[in-house]
Amino acid sequence: MAVIREHLARRGLGLHCDLQNEHAVVANNVGLLLMLEYGSPQQQAEWVEGLAAGTKFFAFGITEPEHGSDATHMDTRAVRDGDGWVINGEKTWNTGIHTADADLIFARTAGDAGDGRGITAFLVPPETRGFTVEEYLWTFNMPTDHGRVTLRDVRVGADAVFGPEGRGLAVVQHFFNENRIRQAASSLGAAQYCIDRTVAYAKERKPFGKPLADNQAIQFPLVELHTQCEMLRTLIHKTAWTMDRHGTFAASEQVSMCNYWANRLCCEAADRAMQVYGGLGYSRHHPFEHIYRHHRRYRITEGAEEIQMRRVAGYLFGFMSAHAPKGV
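Worth saying up front: this structure is predicted, and the values here are computed from it rather than measured.

Criteria and cut-off values
- Residues numbered from 1 in each chain as written.
- Predicted model: local features only at pLDDT ≥ 70, side-chain atom pairs only at ≥ 80, totals over all residues.
- Heavy atoms only, no water.
- Axes fitted to C-alpha atoms, helices over the stretch in contact; angles between N-to-C directions.
- Helix = DSSP H or I, 4+ residues; strand = E, 2+ residues; numbered from the N terminus.
- Left-handed = near helix turned anticlockwise from the far one by under 90°.
- Contact = heavy atoms within 4.5 Å.
- Nonpolar A, V, L, I, M, F, W, Y, C, P; charged D, E, K, R; others polar.
- Patch = residues over 30% accessible without salt bridge, like charges linked within 9 Å, V, L, I, M, F, W, Y side chains within 5 Å.
- Areas by Shrake-Rupley, 256 points an atom, 1.4 Å probe, with all protein chains shown as cover.
- Salt bridge = Lys/Arg side-chain N within 4 Å of Asp/Glu carboxyl O.
- Lys, Arg positive; Asp, Glu negative; His and termini not counted.
- Charge placed at Lys NZ, Arg CZ, Asp CG, Glu CD.
- Buried < 20%, exposed > 50% of the residue type's maximum accessible area, 1.4 Å probe, protein only.
- Domains from an automatic or database assignment.
- Buried area = accessible area lost by both parts, 1.4 Å probe.
- Phe/Tyr/Trp six-rings, centres within 6.5 Å; stacked < 30°, edge-to-face > 60°.
- Core = buried A, V, L, I, M, F, W, Y, C linked by side-chain atoms within 4.5 Å.
- UniProt positions renumbered as here; feature names shortened; annotations may be inferred.
- Expected span 1.5 Å × (residues − 1).
- Bend = angle between axes of the 7 residues up to and from the residue.

Is there a simple way to think about the packing of helix α2 (residues 30-38) against helix α4 (residues 168-204) in this case?
Helix packing geometry: the angle between the two helix axes and the distance between the axes. Two elements in contact, α2 and α4, have axes whose closest approach is 10 Å; the angle formed by their N-to-C orientations is 145°. You can see that α2 and α4 cross each other, and the crossing is right-handed. Judged by residue contacts, V30, L33, L34, E37 and Y38 of α2 engage A170, V171, H174, F175, E178 and N179 from α4. Its residues assigned to classes, the contact of α2 with α4 shows seven nonpolar, two polar and two charged.

Even after reading the chapter, I still don't get a negative patch on the surface, so can you show me in this structure?
There is a patch of like negative charges on the surface, built from E46, D101, E127 and D159. Its location among the elements puts D101 in the loop between β5 (84-95) and β6 (102-108). Classification of D101 as partly exposed rests on a relative accessible area of 32%.

Before we go on, may I ask you to explain the domain arrangement of the protein chain in this structure?
Assigned domains of the protein chain: these are domain 1 (58-162) and domain 2 (170-317). Spacing between the C-alpha centres of domain 1 and domain 2 amounts to 31 Å. Taken residue by residue, the interface counts eleven residues in domain 1 and eleven residues in domain 2. Taken together, both faces of the contact between domain 1 and domain 2 bury some 910 Å²; the carbon and sulfur share is 73%. In this assembly, domain 1 and domain 2 are joined by zero salt bridges.

Help me understand a nonpolar patch on the surface in this model?
Together, L316, F317 and F319 give the surface a local cluster of nonpolar side chains, amounting to about 430 Å² of exposed area. Locating F319 in the fold gives a position in the segment after α9 (305-316). Owing to a relative accessible area of 70%, F319 belongs among the exposed residues under this scheme.

Explain the packing of aromatic side chains to me, please; I cannot follow it from the model alone.
Two measures describe an aromatic ring pair: the distance that separates the ring centres and the angle between the ring planes. Counted according to the given criterion, the structure contains 14 aromatic pairs. Where Y277 meets F288, the ring centres are 4.9 Å apart and the plane angle is 55°; that geometry is what we call tilted. Taken together, the residues Y277 in helix α6 (residues 252-277) and F288 in helix α8 (residues 288-297) connect sequence positions eleven residues apart. Through a chain of ring-to-ring contacts, the aromatic side chains of Y38, W47, F58 and F162 assemble into a single cluster.

Whenever I open this one, the nonpolar core confuses me. Can you help?
Among the nonpolar cores identified, the biggest contains 35 residues, and C194, I236, F288 and I291 are the most heavily contacted of them. Counting residues per element, the ones that place at least two in this core are α4, α5 (216-246), α6 and α8. Setting aside residues no more than four positions away along its own chain, F288 makes contact with Y193, C194, R197, A270, A273, M274, Y277 and G281. Listed in part, the 26 residues of the second largest apolar core include V30, M35, F60 and A170.

Looking at this structure, how should I read the side chain of E302?
Relative to the elements of secondary structure, E302 occurs in the loop between α8 and α9. Once you skip the residues sitting within four places of it in the chain, E302 turns out to touch F175, F176, N179, R180, R182, Q183 and Q308.

Explain the UniProt feature "domain: Acyl-CoA dehydrogenase/oxidase C-terminal" (unreviewed entry) in the protein chain here, please?
With numbering matched to this structure, UniProt assigns "domain: Acyl-CoA dehydrogenase/oxidase C-terminal" (unreviewed entry) to residues 166-313. A helix fraction of 79% and a strand fraction of 0% characterise residues 166-313, whose end C-alpha atoms lie 26 Å from each other.

For this particular structure, what's the right way to read the side chain of S187?
Following the sequence through the fold, S187 ends up in helix α4. Beyond its immediate chain neighbours, meaning those up to four positions away, S187 contacts A262, N263, C266, H295 and Y298.

So what exactly am I meant to see when it comes to the pattern of salt bridges here?
Two side chains that carry opposite charge are able to pair once their charged atoms sit near each other. Taken as a whole and assessed by the stated rule, the structure comprises 13 salt bridges. E305 is paired through a salt bridge with R264; the nearest N and O atoms lie 3.3 Å apart. In this pair, E305 sits in helix α9 while R264 sits in helix α6, placing the two residues 41 residues apart along the sequence. Between E289 and R293 there is a salt bridge, with the nearest N and O atoms lying 2.8 Å from each other. Of the two residues, E289 and R293 are both situated in helix α8; the distance of four residues between them amounts to about one turn of the helix. For R293, a relative accessible area of 13% translates into the label buried. Sharing partners across several salt bridges, the network here consists of E6, E230 and R233.

Got a minute to help me understand helix α3 (residues 41-53) in this structure?
The α-helix advances 3.6 residues per turn, and as a result positions three or four apart in sequence lie on the same side. Between its first and last C-alpha, α3 extends 19 Å over 13 residues, near the 18 Å set by a 1.5 Å rise per residue. Remark: the principal bend of α3, roughly 40°, maps to W47. Restricting attention to buried positions, one finds in α3 the residues Q43, W47, G50 and L51. Packed against the buried residues of α3 are α2, β3 (58-61), β6, β7 (119-124) and β10 (161-162).

Put into structure tokens, the structure is as follows:
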């Protein structure tokens, strides 16, 4: 997945790699991976075939209006009610909720704010009474599919619990690790695309009678970006290989390294491309501004780059244990 997504992103925008809708020929199928890992036999019977075929989809309800990076402080609560649960709370940035067959809602069922345990995941159909999509949030890049939802006395059965009760944070971290390596690979490919196109353009463009490429002011920034791409490619491939061989949580530190560096690098490469291309680079005649807008979001989503660096620091300084799913 990582190798192919990088390969496709390096070839620019097109039907094979549509940034606007998060579509690519090859996906990481994170919903299917989660269902196979955490779904009950009943849930797997209902969901696996559709998730694999792309005919079913569930959104991911972790972020709240007052809690983003501090997800363990969420205000959404679920309490037992007979043989089921009643959920109350609010979620935002529910990407894809407009087409989702269910929303994977994370709610505190035990413990105190900040506790890693006591958070439980629930598969909640959007048509459930009390579940309301209040608005869709326009963004820098994608205007229509990020929903803010409220849950008012939403009743679900015991069969809605996804994964072990109180251990929903492991589901969250599994989701994030899979998406972070996906984002890193895509950002790396897009960064290399910007560099390749800019180098080619610098050879052709001849202001003052000589190619832009003759100027070290043009060469050196692109050399630095290209060098970073080469080093990052090795780390991404190694990290993806480790996840394949030893599991999603075997390379959490490296996943965070890949993610924050690749997303930042892509923005820098797109910005450099716009600068070298000048006015045309800033226009929509070329895709650099589109790439910047899309990949700029990755420096926030699935854990802001500051959170990624905090996680790396946690492993580096011994505050976090390797190979164990921790908080976001």
